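Examination of the molecular architecture
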Amino acid sequence: LRCAESYVKTGHDVWLWLYAQERSGEMHMLQAMKSRHSRLRTCDASQIIPYDVAQRMYYHGMGPDGRWQGWAPFSDWFRCEILARYGGWGGGAGGV
């Protein structure tokens, strides 16, 4: 979440896509951050890729041989979906 905050502090609009099921412990901090930064928008990641599909990829990978397990390959796919639908720039914690 600090990564997103650094972007909004420098004047960027940030759409933070997340699965609430994965961030339940951080929701209070996220709500406080949203109240301080009008450029921060939270979005339901299930609108792009349903949570059950995300979990299936994380635990079982893709294809018949179960390749590309984990959040890293999923995040690449997710980012491509966002950019294809909405355009703009894709960023992550590694880009700060």
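Here goes a summary of the coordinates provided. (Residues numbered from 1 in each chain as written. Predicted model: local features only at pLDDT ≥ 70, side-chain atom pairs only at ≥ 80, totals over all residues. Heavy atoms only, no water.)

1. Observations concerning the nonpolar core
In this structure, Trp17, Tyr19, Cys43, Ala45, Ile48, Ile49, Tyr51, Ala54, Met57, Phe74, Phe78 and Ile82 together form the largest nonpolar core, which totals 12 residues. Among the secondary structure elements, those contributing two or more residues to this core are α3 (51-60) and α4 (71-86). Setting aside residues no more than four positions away along its own chain, Ile49 makes contact with Tyr19, Ala54, Phe74, Trp77, Phe78 and Glu81. Judged by nonpolar contacts, the second largest core, of eight residues, contains Val8, Leu30, Met33 and Leu40. (Core = buried A, V, L, I, M, F, W, Y, C linked by side-chain atoms within 4.5 Å. Buried < 20%, exposed > 50% of the residue type's maximum accessible area, 1.4 Å probe, protein only. Helix = DSSP H or I, 4+ residues; strand = E, 2+ residues; numbered from the N terminus. Contact = heavy atoms within 4.5 Å.)

2. Re the environment of Gly91
Its place among the elements puts Gly91 in the segment after α4. A C-alpha to C-alpha distance of 9.0 Å links Gly91 and Ala4, two positions 87 residues apart in sequence. Once residues within four sequence positions are removed from consideration, Gly91 is found in contact with Tyr7 and Arg79.

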